[in-house]
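The primary structure of each chain is shown beneath.
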Amino acid sequence: MILITGINGELGSALTKKLSQFKSEKIIGFDLSKPNENIKDLLYKTYKGDIRDSELIKKIFAENKIDTIYHLAAILSTEAEKKPYLAHSVNVDGFFNIINSINVKNVKFFFPSSIAVYHLNCNNKNIKITENDFCNPNNIYGCNKLYCEKLGSYFQNSHDTEFNIDFRSIRLSGIISAHSLPQGGTSDYAPEMIHNAIQKKDYTCFVRKDSCIPFIVMPDAVNAVIKLMHTNKANLTTDVYHIQSFSPTVDQIYEKLILYFPKFKLNYKVDKNRQKMVDSWPSQLNQQKAINDWDWKPEFNFDNAFEKYLIPKISEYYNK
Ligand code: SER
């Protein structure tokens with residue numbers, strides 16, 4: 001039995017859709033609210049509640065034989081900066097509640113971490129970093145993610161072998177989906193700009209035009225998570241990998257969009273807190289570990305992501 005927390009989030013919904021295609025595994029969904037219409041029929045069971053409610057989380061594990069977990073429920077980086085205490089309790093205590101409720105051996109546990117764990121500056125921003133470089137986050141969300149990675153590895157190697165977990169994590173780049181928009185993240189400018197352009201609306205960007213971080217489109221993110229979870233553990237040389245598809249500047253996204261929508265207007269109103277985070281995140285990731293260990297390869301690059309996925313799928317979405 002699979003448990004997915006945060007099913008109504010972007011990644012949660014996309015992962016539920018994909019995993020439900022493997023009919024052999026039943027999915028239990030958890031979120032603050034009832035499951036969205038587009039996924040509710042794909043779930044075997046649902047629980048509605050707060051990830052901080054340790055009694056409820058224990059009850060979910062007691063009532064079901066959960067052997068695989070995708071723990072996605074979290075508050076994203078921009079929201080987290082506004083409410084750091086809340087972010088800590090949802091992102092860290094919530095994680096711990098799940099770990100603390102596991103009641104069978106060798107549960108497979110996927111945790112989406114983030115490029116927010118890194119902190120670079122203008123002198124090293126363009127270095128292709130490895131997973132071991134610059135792990136010194138300047139934001140509460142990055143701190144929460146880094147600590148949870150460490151907790152996951154700790155419990156994987158715990159001396160108390162009774163409930164050892166099989167922990168796997170990916171530090172995801174900014175995700176761009178054709179079917180949804182993120183809530184409260186900092187990489188949101190890219191998906192927001194693209195969705196607005198396709199709806200023939202102007203967009204006011206909250207970071208400078210030269211801002212550059214790695215992105216990934218949703219189908220690649222979902223495939224990566226599933227691929228990592230199905231790789232033989234013996235092939236994995238680390239618990240935490242980072243991956244990306246492409247690293248455009250804001251200006252490059254704009255240039256791409258005006259090829260399709262020549263009237264699209266992009267304005268700027270820089271938010272200094274969000275800019276500070278984006279400036280501290282890497283521009284490029286060295287993905288050699290993921291390539292070597294589980295044969296990671298994105299299907300989409302910057303050009304075909306627009307041509308084959310974003311433009312057609314988002315247009316279809318808004319014309320329904
Ligand atoms: N994309 C997320 C955010 O911006 C980071 O993982 O918060």
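Quick summary incoming for the structure in this document. Predicted model only: the values in this text are computed from it and were never measured. (Residues numbered from 1 in each chain as written. Predicted model: local features only at pLDDT ≥ 70, side-chain atom pairs only at ≥ 80, totals over all residues. Heavy atoms only, no water.)

This part takes up the overall build of the chain. When helices and strands are counted, the chain shows 12 helices and 13 strands. Over its C-alpha trace the chain gives a radius of gyration of 19 Å, about what one expects of a compact globule, namely 20 Å for 320 residues. Viewed in the frame of its principal axes, the chain has a C-alpha envelope of about 60 × 45 × 40 Å. Expressed as a percentage of its 320 residues, the buried residues of the chain come to 56%. (Helix = DSSP H or I, 4+ residues; strand = E, 2+ residues; numbered from the N terminus. Rg over C-alpha atoms; globule rule 2.2 N^0.38 Å. Buried < 20%, exposed > 50% of the residue type's maximum accessible area, 1.4 Å probe, protein only.)

Let us look at the sheet that holds strand 3 (residues 45–48). An order of 3-2-1-4-5-7-11 is seen for the 7 strands of this open sheet, with the pairing classed as parallel. Of all strands in the sheet, those with a lone pairing partner are strand 3 and strand 11 (240–242), marking the two edges. Each strand axis lies, on average, 15 degrees off the axis of its neighbour in the sheet, ignoring direction. Across 3 bridges, strand 4 (residues 68–71) lies against strand 5 (residues 107–114) in parallel orientation. Each residue of the ladder has a partner; that of Tyr70, found in strand 5, is Phe110. (Pairing = 2+ DSSP bridges. Axes fitted to C-alpha atoms, helices over the stretch in contact; angles between N-to-C directions.)

On to the site of the ligand. Around the ligand lies a shell formed by Leu76, Ser77, Ser114, Tyr141, Gly185, Thr186, Ser187 and Trp281. Contact distances for the ligand include 3.1 Å between an oxygen atom and a side-chain N or O atom of Tyr141. One of the backbone nitrogen or oxygen atoms of Thr186 is found 2.6 Å away from an oxygen atom of the ligand. Burial of the ligand by the surrounding chains reaches 90%, relative to a free accessible area of 230 Å². (Near = heavy atom within 4 Å. Polar contact = N/O pair within 3.5 Å; in protein donor to acceptor, adjacent residues only side chain to side chain. Areas by Shrake-Rupley, 256 points an atom, 1.4 Å probe, with all protein chains shown as cover.)

For the structure on display, the rule yields 18 aromatic pairs. Measuring from centroid to centroid gives 5.6 Å for Phe246 and Phe302, while their planes differ by 65 degrees, and the two rings are edge-to-face. Linking Phe246 in the loop between strand 11 and helix 9 (250–260) with Phe302 in helix 12 (residues 302–319), this pair joins segments that are 56 residues apart in sequence. Residue Phe246 is classed as buried on the basis of its relative accessible area of 6%. Of the residues examined, Phe302 reaches a relative accessible area of 19% and is grouped as buried. Their ring planes at 45 degrees and their centres at 6.1 Å tell us that Trp294 and Trp296 sit as a pair that is tilted. Three or more aromatic residues link up through ring pairs in this structure, and these residues are Phe95, Phe109, Phe111 and Phe167. (Phe/Tyr/Trp six-rings, centres within 6.5 Å; stacked < 30°, edge-to-face > 60°.)

With that out of the way, let us pick up the packing of helix 7 (residues 189–198) against helix 12. The geometry of helix 7 relative to helix 12 is characterised by a closest axis approach of 9 Å and an angle of 60 degrees between their N-to-C directions. It follows from the interaxial angle that helix 7 and helix 12 lie oblique. The two elements helix 7 and helix 12 cross, and the hand of that crossing is right-handed. Facing Ile194, His195 and Ile198 of helix 7, the residues of helix 12 in contact are Phe306, Leu310, Ile311, Ile314, Ser315 and Tyr318. Per-class residue counts for the contact of helix 7 with helix 12 are 7 nonpolar, 2 polar and no charged. (Parallel < 35°, antiparallel > 145°, perpendicular 65-115°, else oblique. Left-handed = near helix turned anticlockwise from the far one by under 90°. Contact = heavy atoms within 4.5 Å. Nonpolar A, V, L, I, M, F, W, Y, C, P; charged D, E, K, R; others polar.)

Turning next to the pairing of strand 1 (residues 2–5). With burial as the criterion, each face of strand 1 is covered, one bearing Ile2 and Ile4 and the other bearing Leu3 and Thr5. Taken together, the 4 bridges between strand 1 and strand 2 (residues 27–31) define a ladder with parallel strand orientation. Its bridge partner being in strand 2, Leu3 is matched across the sheet by Ile28. Read as a crossover between parallel neighbours, the route from strand 1 over helix 1 (residues 10–19) to strand 2 is right-handed. Across 4 bridges, the pairing between strand 1 and strand 4 is parallel. Looking at strand 4, one finds that Ile2 is bridged to Thr68. (Right-handed = clockwise from strand over helix to strand, strands pointing away.)

What follows covers unusual backbone geometry. You will see that Phe134, though not glycine, has its phi angle at about 55 degrees, which is positive. On the secondary structure map, Phe134 appears in the loop between strand 6 (128–129) and helix 6 (140–156). Unlike most non-glycine residues, Lys200 shows phi in positive territory, near 60 degrees. Looking at the element boundaries, Lys200 is found in the loop between helix 7 and strand 9 (203–205).

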